[in-house]
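Results of the structural survey
Here are the chains, one letter per residue:
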Amino acid sequence: MLANKVASGMSKGFHSRNDLMNKILLALAITFSSALQAAPIQEEVFVLGPQPELLKELVGHADITVDHLDSHGFEVYGPKGLSKWLDQRGVSYYDLKDARKDIDWTNYPSYEQIKAKLEEFASKYPQIVRLVSIGKTVRGRELWVLKISDNVAVDEIEPEFKYISSMHGDEITGRELTIRLVDEMLKKYGTDSQSTDLINNTEIFVMPSMNPDGSELRQRANANGQDLNRNFPEAVRNDPNNAAGRQPETQAIMAWQASRNISLSANFHGGAVVANYPWDAKYERHPFDGLLQTISLEYANLNPEMRSSSEFSRGITNGADWYVLYGGMQDWSYIWHNDLQITVELSDSKWPNYADIPRFYTSNRDSMIRYMELAHQGAGIKLANRQATGRVEVLNAQGASLGSYGFQRGEFYKILPPGSYTFKVESAGERRNVSVKVEESRVSPDGNYIAL
């Protein structure tokens, strides 16, 4: 498939932010549109060579997706006419659709087989598993989410965590790994302390496939030809956090996330081996940049291939340092929902031979478990009124503000670096200061919540 990925140092040569929205594709029969109405992806190519000037032209246009920058070039997805325009400019490239003809699709389970496996989990372990659909795809397939917790029918006040995979339908490795992880944890519940402690003290949500239509079609986009990881509200563009006009899969995620208090998550992709942390859309460092690097390293350090990467220092990268993207789920999750999310690229081949899946699971299993435990490296407050809403300003030990965050359903929880903090809580006209302490991640029976 695609070659190894470049180190972030190479991509920093592309950091000029001037003219990113200028001079692009004017000679091409492509009409650029809003982020919500991007033209369907019809052509997919891999541009050969670094091509920094071309990259700067392409980044940021709603009808063009740039992806997986590597030392040999980068992927470009766009409407009909893309290849013609590249030809006119004398750009060397190859057709990704042609390259996919050599992929061995056999042995991978179908959507119906995946559904049956998830139903089996819920039927076999009804006390700790609940299977719910949070919406439907363009073609009417259910978007399945497993909730795993010791009192699964009860909305407990515990740290909430989620894994989402395969929002790009042709990036399939994560779908298979999340199902294997769930299977192992459920089988070990009650006998293995690590799995048991996580399930007893965490509300865990797992969505093996956000884009089942795309996977059935063997394509990146959903059935409308839209890239779902360019379809979320984008703060850099001042998009409102509004689902209207977005793809049904995006709308489902947005509504579901708004109903939860998820504080840590990861979404699984393919085409590289690296842990990618925010921001994706801007070069400015995240206010919790150090924490994001730490939790990314927690994942990478337990993955032999990732931690020994010759392309990405320590097996991690800042998103924008790799390549800029707009409308991604990763940035959106934190900006609007206080959900620290990283993107984990699991395999250089987006759709590897099915016989290789056990090897990928072996490489990622410990990382996936450890990353879930990090949901307990934080602190929270719980109010007697379970319907209460409000805001919490977080201050560090020196009294400096680390941001103000809304909460709902009478609870607030935030992942933080180890240390002492003050939560300035405002709800129903009352204001209270709460001192909290965060320790190195360990699964806590009470989730480190303070009752108010």
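Please refer to the structure placed before this passage.
Summarised in this report is the structure supplied together with it.

The rules we used
- Residues numbered from 1 in each chain as written.
- Predicted model: local features only at pLDDT ≥ 70, side-chain atom pairs only at ≥ 80, totals over all residues.
- Heavy atoms only, no water.
- Helix = DSSP H or I, 4+ residues; strand = E, 2+ residues; numbered from the N terminus.
- Rg over C-alpha atoms; globule rule 2.2 N^0.38 Å.
- Buried < 20%, exposed > 50% of the residue type's maximum accessible area, 1.4 Å probe, protein only.
- Contact = heavy atoms within 4.5 Å.
- Areas by Shrake-Rupley, 256 points an atom, 1.4 Å probe, with all protein chains shown as cover.
- Lys, Arg positive; Asp, Glu negative; His and termini not counted.
- Charge placed at Lys NZ, Arg CZ, Asp CG, Glu CD.
- Pairing = 2+ DSSP bridges.
- Axes fitted to C-alpha atoms, helices over the stretch in contact; angles between N-to-C directions.
- Expected span 1.5 Å × (residues − 1).
- Salt bridge = Lys/Arg side-chain N within 4 Å of Asp/Glu carboxyl O.
- Phe/Tyr/Trp six-rings, centres within 6.5 Å; stacked < 30°, edge-to-face > 60°.
- Lys NZ or Arg CZ within 6 Å of the ring centre and 35° of its normal.
- Left-handed = near helix turned anticlockwise from the far one by under 90°.
- Arc of directions from axis to C-beta.

**Remarks on the overall build of the chain**
Looking only at helices and strands, the chain features 14 helices and 19 strands. Taken over the C-alpha trace, the chain has a radius of gyration of 22 Å; the compact-globule value for 452 residues is 22 Å, and the two agree within 12%. By principal-axis analysis of the C-alpha atoms, the chain measures approximately 65 × 50 × 40 Å. With 452 residues in all, the chain has 58% of them scored as buried. Look at the contacts in the chain between residues 6 or more apart in sequence, and 75% of them connect residues 24 or more apart. Summing over all exposed atoms, the chain offers an accessible surface of approximately 17,200 Å²; the carbon and sulfur share of this is 47%. For the chain, the separation between the mean place of its 48 positive charges and that of its 58 negative charges on side chains is 2 Å.

**Describing the sheet that holds strand β1 (residues 43-48)**
With antiparallel pairing, 4 strands are arranged side by side in an open sheet as β2-β3-β1-β4. In this open sheet, the two strands that pair with only one neighbour each are β2 (65-70) and β4 (93-95). Strand-to-strand twist of the sheet, defined as the mean angle between neighbouring strand axes without regard to direction, takes the value 20 degrees. Bridge analysis of β1 against β4 gives 3 bridges, and the strand direction is antiparallel. Each residue of the ladder has a partner; that of F46, found in β4, is Y94.

**Observations regarding helix α10 (residues 289-301)**
Over its 13 residues, α10 runs 18 Å from end to end, which matches the ideal 18 Å to within 8%, given 1.5 Å per residue. What α10 keeps buried is the set D289, L291, L292, I295, S296, L297, Y299 and A300.

**So, the pattern of salt bridges**
All told, the structure shown has 36 salt bridges when counted by the stated rule. Taking the shortest distance from any N to any O, the salt bridge between R260 and E203 comes out at 3.0 Å. You can see R260 sitting in the loop between α9 (248-258) and β9 (262-269) and its partner E203 sitting in strand β8 (residues 203-207), a full 57 residues away along the chain. Using a relative accessible area of 14% as the deciding quantity, one classes R260 as buried. Owing to a relative accessible area of 0%, E203 belongs among the buried residues under this scheme. What you see here is one network of salt bridges that share partners, running through D67, E75, E171, R220, D227, R230 and K350.

**Considering the packing of aromatic side chains**
Within this structure, the stated rule accounts for 17 aromatic pairs. Seen in terms of ring centroids, F205 and W256 are 5.8 Å apart; in terms of plane orientation they differ by 75 degrees. Their pairing is edge-to-face. In this pair, F205 is assigned in strand β8 and W256 in helix α9, connecting sequence segments 51 residues apart. The class of W256 is buried, set by a relative accessible area of 9%. Ring pairing ties together the aromatic residues F161, Y163, F268, Y299 and Y371, which thus form one cluster. Here the basic side chain of R141 rests over the ring of Y111, its NZ or CZ set 5.6 Å away from the ring centre.

**Description of the packing of helix α6 (residues 173-188) against helix α14 (residues 357-373)**
The relative placement of two packed helices is expressed as an angle between their axes plus a distance between the axes. Contact pair α6 / α14: the axes reach a minimum separation of 9 Å and the direction vectors enclose 65 degrees. When you trace α6 past α14, the crossing you get is right-handed. Where α6 abuts α14, its residues T173, E176, L177, T178, R180, L181, E184, M185 and K188 lie against I357, F360, Y361, N364, R365, M368, I369 and M372.

**Notes on the side chain of S209**
Following the sequence through the fold, S209 ends up in the loop between β8 and α8 (212-217). A residue is classified by how much of its surface remains accessible, and S209, at 11% relative accessible area, is buried. Those residues in contact with S209 that sit more than four places away from it in its chain are L143, S165, S166, R175 and S215.

**Considerations on helix α5 (residues 111-124)**
Over its 14 residues, α5 runs 20 Å from end to end, which matches the ideal 20 Å to within 8%, given 1.5 Å per residue. Of all the residues in α5, the buried ones are Y111, I114, L118, F121 and A122. The buried residues of α5 occupy an angular sector of 95 degrees when projected down its axis, which confines them to one face. Turned more than 90 degrees away from the buried face of α5, the exposed residues are S123 and K124. Where α5 is buried, its residues contact β5 (129-136), β6 (142-148), α6 and α8.

**Quick word on the pairing of β6**
Taken residue by residue, a regular strand's side chains alternate between the two faces of the sheet. Counted residue by residue, β6 has 6 buried out of 7 residues, so it is predominantly covered. Inspection of the sheet shows β5 paired to β6 by 6 bridges, in the antiparallel sense. Looking across to β6, one finds that K136 is bridged to E142. Linking two consecutive strands that pair antiparallel, namely β5 and β6, is a turn of 5 residues; a positive phi of about 85 degrees is found at G140 within it.

**Some points on the pairing of strand β15 (residues 401-407)**
Strand direction decides the pairing type here: strand β14 (residues 390-395) and β15, joined by 5 bridges, are antiparallel. Counterpart to V392 in the pairing with β15 is Y405. Between β14 and β15, which pair antiparallel in sequence order, lie 5 residues; one of them, G399, sits at a positive phi of approximately 90 degrees.

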